[in-house]
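The primary structure of each chain is shown beneath.
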Amino acid sequence: MEFLKSGIKTVLGGTEPGQQPSAAETVEKLVDRVFSSTLLEDRRDACRALKALSRKYRIEVGAQGMPPLVQVLQNDGQDAEIISYALDTLCNIVTSEEFDEEADNPAVSVNVGEQFTEMFIKSPEHVTLVMGYLDEYDFRVRRAAIQLITSLIANKTRELQELVLVSPMGVSKLMDLLTDSREVIRNDVLLLLIELTKGNSNIQKIVAFENAFDRLFDIVREEGCSDGGIVVEDCLILLLNLLKNNSSNQQFFKEGSYIQRLAPMFILNSSNASDLEDSAWTPQKVSNFHCLVQVVRALVTPSNQQQVVSACQRVMQKSQLLQALCDILMSSGVPADILTETINAVAEVVRGDRENQDELSRVLAPSQPPRPAIVVLLMSMINEKQLLALRCAVLYCFECFLYRNSDGQRAVVQTLLPSSATDVSSLSTGQLLCTGLFSTDTLANWFSAVAIMHTLVENVAQKEELLRVLLATPGGQRPITLLEQCTNLMQQERYRLQSKVGLLMLLSVWLAHCPAAVKALLETQGTMAYLTAQLCANEHDEREYLVQGMCAFLMGLCIQFNDNSLPNQRREDISQLIIKRIGQETFCNKLNEVSRHEAYSRACKQAQIRAKGASELLLDYEYCKLYKGLEALIAKLVSGFDVDGIELTELTLSSEASALVAQYKGIIRGMDAQIQTLQQSTKELEQQNTELKQQLEQEQSLKCQLADQNTLLKAQLTATAAAPEAQLNGQAGAGGVPANDEELNAARYQANMYFAENIRLTKELETLRQQLSTEKQRAEAANETLLATQKDQEDLLELLADQEAKLAHYETQIQTQTQTQLTSEAANR
């Protein structure tokens, strides 16, 4: 520190004893030295001192020193040392990081770096100037330029992205730095590119097509793949930025065979992957592996284009990447967060792809006896001791396994049927789901209900098959169906609200488009009475409102898909019950409660289940999809019955009203036919009009061309006729010799030269006019600045006059008081 102080004294000169200059004064002197010094050494020393002060007195250096530092970058590019000082100082000024030296300075605000960044990029040429120093090979200059650009992008990402895009070869320069042999430079460029590629698809495409994937994979391989350090994580984060929500880069990644290069990185470095210990998973390896799995998910997430997702899924299966992910699932010692993310990745790799779903169904866990991986995962899902995120991931994986997989749905339902219970000792998928559905754990109830629901999505055959499932009852009584048991559980008071929500979703999907299931539900005792009581209740809890809305939806399904085979449970009977006991308006209001709930908007966004807490697990994506498609239809259906339960259709009208309706229908059909005829005629007339306009434009263009050619020919003929006439007159006086062709060609050539010269002069005149207009604009701007300055000067003069008047007034008061005091003293004497 003493050395630093002595250096600053050397630059500024000594101060008088007892007079310590303030920070602002010191910075002002250094700035003046940078501006005015003619010797490079003096400017270099001043920049070095500004760099030293910029960490503690950032505001003073930034407010006064930014213009001279930019001037140094513009004028002293031949000296690497002073350039590095200037870049480092600017980097200290604009960084968002808080230095230890300024921690006790209350004047430094949180976003002071962002404010200085905004000042710096007001002139776009400043960024171009700094980008130019990336070409300097000197370590200090190149690294300082990279760090400065990184800080600028971190503070003003969108603005800097636009400036880098318009900078000549800006992105290409940055990509070239990835091949720098100095690892520090390369690593800093990785951090810069991570900031630069955030949320900008154009830059992402440019970076990808600048051979970024090859370079990143080379760096990852050199650093040791998933066992490498933080540089591997930076490379994978950059890779994730390039692929996320960018279909062009995803297609390029797939076509460039980069998925095949990604697959070996998931092979665990152990002779026996199942014997991996926790000690092998260092914190950095966990971070690297987490990024690797996210890269895979970025390629196959359901929000991508379906064509890209399907192509990537096929490549992942052929390149053994899916097999490697399944091996990780069945390995021991894998950290919980890695296992959770891997399950989510496997889910999206198999979602909607029959071959991948079949391969997952064939994976066996290394247990005795061997069990299917699906069964082992479901055991974790219904285990209340497992982490919530892991249980949600398993449910998501099971949903994706059944998505558009009718064979998988049938296989799960078959494990619930009596004929499939051949080996009581072995656990099946159906047994696990029933165990979770009837357990005392609320979350296990919800997870199991949603899992069973997904075995029925868009599969009416399995809905009818599931009606055959029988459950044993204690005491040797007759077995009951699964549907009957679900309705009994729903009506029990001890069954918690979250469990009831799961059962209502299961029953709703079960009944949709399946009249047999509707009939079975209506045959169970007390079900309609329970649903009616729920809709008549006046609860004020938000979750109770949700349950009431789901009950209304379930009752609406009993009307919509009712085949009227039960005598007292026909569509008209249920609608009359709603009208007389609940009310049509109340029913529709209750029905709308589902879409108003926060859980509905959260579940509609994506198929993956995301929940910060167990209380957020309420609605599922497929249920919301079904509700969205049938809500309006059910509301319209219920509103279409009168107080007697009769559906208000054309058949219920009187003969006169029916005739009137038929008459109006005929009029409407005639008018519709006329409208269609007129629309067709209008289209034909518009087409003819367009063709006539095109012909007119062509004729006008041809007319202009002919007029120009005519004018030119007239001018040429006039010039040609005048020249021979003059020559004939001269020759007649001299004895008369006719003009030859050479002289005529010479005259034409000279006329063409004059014509070209005229065009050149016209262009120069236009250029001069533009320059004159630009200079006028600059003059007007300067005049405005001058007027503003003059106004400020006048304001200052007025303030000065006010101050002088106040001083004169104070002097008068002082003189008056002095005279009064002297007079009083003389009187006392």
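Residues numbered from 1 in each chain as written. Predicted model: local features only at pLDDT ≥ 70, side-chain atom pairs only at ≥ 80, totals over all residues. Heavy atoms only, no water.

The helix and strand tally for the protein chain stands at 37 helices and four strands. The buried share of the protein chain, reckoned over its 829 residues, is 42%. Counting every atom, the protein chain has about 44900 Å² of accessible surface; 52% of that belongs to carbon and sulfur. (Helix = DSSP H or I, 4+ residues; strand = E, 2+ residues; numbered from the N terminus. Buried < 20%, exposed > 50% of the residue type's maximum accessible area, 1.4 Å probe, protein only. Areas by Shrake-Rupley, 256 points an atom, 1.4 Å probe, with all protein chains shown as cover.)

Let's shift gears to the pattern of salt bridges. Counted under the stated rule, the structure contains 29 salt bridges. D76 is the partner of R43 in a salt bridge, and the nearest nitrogen-oxygen pair spans 3.0 Å. Remark: D76 occurs in the loop between α4 (58-75) and α5 (80-94) and R43 occurs in helix α3 (residues 40-53); sequence separation between them is 33 residues. Since its relative accessible area comes to 13%, R43 is described here as buried. (Salt bridge = Lys/Arg side-chain N within 4 Å of Asp/Glu carboxyl O.)

A few words on the packing of aromatic side chains. Per the stated rule, a full pass over the model turns up 14 aromatic pairs. The interplanar angle of 75° and the centroid separation of 5.6 Å between the aromatic rings of Y600 and Y627 together place this pair among those described as edge-to-face. With a gap of 27 residues between them, Y600 in helix α34 (residues 598-603) and Y627 in helix α35 (residues 621-639) connect regions that are remote in the sequence. As far as burial versus exposure is concerned, Y600 and Y627 are alike and both buried. By the ring-pair criterion, three or more aromatic residues cluster together here, those being F209, F213, F217, F252, F253 and Y258. One cation-aromatic arrangement involves R182 over Y137; the distance from NZ or CZ to the ring centre is 4.0 Å. (Phe/Tyr/Trp six-rings, centres within 6.5 Å; stacked < 30°, edge-to-face > 60°. Lys NZ or Arg CZ within 6 Å of the ring centre and 35° of its normal.)

Another aspect to go through is helix α7 (residues 124-132). For α7, the set of buried residues is H126, V127, V130 and M131. Seen from one end, α7 has its buried residues packed into an arc of 140°, which puts them on one side. Residues of α7 that are buried sit in contact with α4, α5, α6 (112-120), α8 (139-155), α9 (157-166) and α10 (170-176). (Arc of directions from axis to C-beta. Contact = heavy atoms within 4.5 Å.)

Here we take up the packing of α3 against α4. Axis separation between α3 and α4 bottoms out at 10 Å; the angle between their running directions is 150°. As for the relative orientation of α3 and α4, their crossing is left-handed in sense. Where α3 approaches α4, its residues C47, L50 and L53 are matched on the opposing element by R58, V61, L69 and V72. Split into classes, the residues belonging to the contact of α3 with α4 amount to six nonpolar, no polar and one charged. (Axes fitted to C-alpha atoms, helices over the stretch in contact; angles between N-to-C directions. Left-handed = near helix turned anticlockwise from the far one by under 90°. Nonpolar A, V, L, I, M, F, W, Y, C, P; charged D, E, K, R; others polar.)

Let us look at unusual backbone geometry. Cis rather than trans, the peptide bond between Q368 and P369 has omega equal to -5°. When you line up the elements, P369 lands in the loop between β1 (364-365) and β2 (371-372). At E458, a residue that is not glycine, the phi angle is positive and equals roughly 55°. Structurally, E458 can be placed in the loop between α25 (442-454) and α26 (460-466). In this structure, N564 is a non-glycine residue whose phi angle is positive, near 60°. Topologically, N564 is positioned in the loop between α31 (542-560) and α32 (571-582). You can call N564 partly exposed: its relative accessible area is 35%.

Counting residues in each nonpolar core, the largest one holds 222 residues, and the members touching the most others are F266 and L619. With near-sequence residues (within four places) excluded, F266 lies in contact with F289, L292, V293, V296, L321, A324, L325 and I328. (Core = buried A, V, L, I, M, F, W, Y, C linked by side-chain atoms within 4.5 Å.)

Moving on, we get to the environment of A516. With respect to the helices and strands, the residue A516 is situated in helix α29 (residues 515-523). Of the residues examined, A516 reaches a relative accessible area of 35% and is grouped as partly exposed. Sequence separation between A516 and F561 is 45 residues, and the spatial gap between their C-alpha atoms is 9.0 Å. Apart from the residues lying within four places of it in its own chain, the contact partners of A516 are E464 and L467.

Our focus in this paragraph is the state of the cysteines. Inspection of every chain in the model, using the stated rule, returns zero disulfides. Free cysteine C397: the closest other cysteine sulfur is in C400, separated by 6.9 Å. (Disulfide = S-S within 2.5 Å.)

Looking now at helix α16 (residues 283-300). Over its 18 residues, α16 extends 26 Å from the first C-alpha to the last, a length consistent with the 26 Å expected when each residue adds 1.5 Å. The buried count for α16 comes to 13 of 18 residues, which makes it a mostly enclosed element. (Expected span 1.5 Å × (residues − 1).)

On the surface, I667, M671 and I675 cluster together to form a nonpolar patch covering roughly 270 Å² of accessible area. Relative to the assigned elements, M671 resides in helix α36 (residues 655-734). Using a relative accessible area of 48% as the deciding quantity, one classes M671 as partly exposed. (Patch = residues over 30% accessible without salt bridge, like charges linked within 9 Å, V, L, I, M, F, W, Y side chains within 5 Å.)

Let us look at the confidence of the model for the protein chain. With 81% of its residues at a pLDDT of 70 or more, the protein chain has an overall mean of 83. The low-confidence segment residues 271-276, where pLDDT is below 50, has 11 contacts with residues more than four positions distant or belonging to other chains. In this model residues 645-654 is a low-confidence stretch, pLDDT under 50, and it forms 18 contacts with partners more than four residues away in sequence or in other chains. (pLDDT = per-residue confidence, 0-100.)

Below, the discussion takes up the packing of helix α13 (residues 230-243) against helix α14 (residues 247-255). At a minimum axis distance of 7 Å, the contact between α13 and α14 shows a crossing angle of 115°. Contact residues: L239, L242 and L243 in α13; N249, Q250 and F253 in α14. Looking at side-chain class alone, the contact of α13 with α14 contains four nonpolar, two polar and no charged residues.

Looking now at the environment of L339. Position of L339 among the secondary structure elements: in helix α19 (residues 336-350). With 10 residues separating them along the chain, L339 and L329 place their C-alpha atoms 6.4 Å apart. Setting aside residues no more than four positions away along its own chain, L339 makes contact with I328, L329, V334 and L390.

Attention now goes to the environment of W446. By the secondary structure assignment, W446 is in helix α25. Accessibility expressed as a relative area gives 1% for W446, which makes it buried. W446 sits 51 residues away from L497 along the chain, and the two C-alpha atoms are 9.9 Å apart. Once you skip the residues sitting within four places of it in the chain, W446 turns out to touch L395, Q498, V501, G502, M505, L617, L618 and L619.

It is worth spelling out the side chain of T95 at this point. For T95, the location among the structural elements is in the loop between α5 and α6. Those residues within four positions of T95 in sequence are excluded, and the remaining contacts are R58, G113, S151 and N155.

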